[in-house]
Amino acid sequence: MTQVRAKKPCKPEDYELCKHFINAFQIIGKKWNGLIISSLCDTEDMRFKDLAHCIEACSDRVLVERLKELEEEKIVKRSVDSETGIISYSLTEKGSDLKPVFDQVHNWADKWV
């Protein structure tokens, strides 16, 4: 007869999350970043004023800061039209890979929140 060993509960000091997982949540979990990414998932590109309209509670100063951070992370791309000088933002390939993740978050939110 085989004995089944009881699984010991995991102690917090023994638990370590994957560093990639932690880094991912530091980026997408930062206030406003999720809404910025989600807004850009729905369109090819957006002008700053359109993003600001989608995320009204975020100040322009903070929105600029977050867009710069997401650009540094290579999630968002900033483009300037050479003829008009109009600045627009879009997701990079890295950022576009988040679309299915955000679709699932939307589905979860619709069901549970």
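Our structure is the block above this text.
Residues numbered from 1 in each chain as written. Predicted model: local features only at pLDDT ≥ 70, side-chain atom pairs only at ≥ 80, totals over all residues. Heavy atoms only, no water.

Asker: Tell me what's going on with the side chain of arginine 66, and back it up with residues and numbers.
Answerer: Of note, arginine 66 is situated in helix α4 (residues 60-72). Within polar-contact distance, the side chain of arginine 66 engages the backbone oxygen of lysine 31 at 3.0 Å. With sequence-adjacent residues up to four places away left out, arginine 66 is seen in contact with Lys30, Lys31, Trp32, Asn33 and Ile36. (Helix = DSSP H or I, 4+ residues; strand = E, 2+ residues; numbered from the N terminus. Polar contact = N/O pair within 3.5 Å; in protein donor to acceptor, adjacent residues only side chain to side chain. Contact = heavy atoms within 4.5 Å.)

Asker: Tell me about the sheet that holds strand β3 (residues 87-91), and please be specific about residues and values.
Answerer: As summarised here, the arrangement of the 3 strands in space is β1-β3-β2, forming an open sheet in which the pairing is antiparallel. Where the open sheet ends on each side, the last strands, each with one partner, are β1 (46-47) and β2 (76-80). In the packing of helix α2 (residues 33-41) onto the sheet, contacts are made with β1, β2 and β3, and the angle to β3 comes to roughly 90°. (Pairing = 2+ DSSP bridges. Axes fitted to C-alpha atoms, helices over the stretch in contact; angles between N-to-C directions.)

Asker: Describe the packing of aromatic side chains, naming the residues involved and giving the relevant values.
Answerer: A complete count under the given rule lists 1 aromatic pair for this structure. Aromatic side chains phenylalanine 21 and phenylalanine 25 sit 4.9 Å apart centroid to centroid with 50° between the ring planes, which places their arrangement in the tilted category. With phenylalanine 21 and phenylalanine 25 both in helix α1 (residues 19-28) and 4 residues apart, this pair spans about one turn of that helix. (Phe/Tyr/Trp six-rings, centres within 6.5 Å; stacked < 30°, edge-to-face > 60°.)

Asker: Give a detailed account of the environment of glutamate 71, specifying residues and quantitative values.
Answerer: Mapped onto the elements of the fold, glutamate 71 is located in helix α4. For glutamate 71, a relative accessible area of 33% puts it in the partly exposed group. Contact partners of glutamate 71, with chain neighbours within four places excluded, come to Val76 and Arg78. (Buried < 20%, exposed > 50% of the residue type's maximum accessible area, 1.4 Å probe, protein only.)

Asker: So what's going on with the nonpolar core? Residues and values would help.
Answerer: As a rule of thumb, nonpolar side chains are buried together in soluble globular proteins. Ranked by size, the top nonpolar core spans 21 residues in total, and within it Ile36, Ile37, Leu40, Ile75 and Val76 carry the most contacts. The set of elements that each furnish at least two residues to this core consists of α2, α3 (48-54), α4 and β3. Apart from residues no more than four positions distant in its own chain, isoleucine 75 is found in contact with Ile27, Ile37, Leu70, Ser90, Leu91, Thr92, Lys94, Gly95 and Leu98. (Core = buried A, V, L, I, M, F, W, Y, C linked by side-chain atoms within 4.5 Å.)

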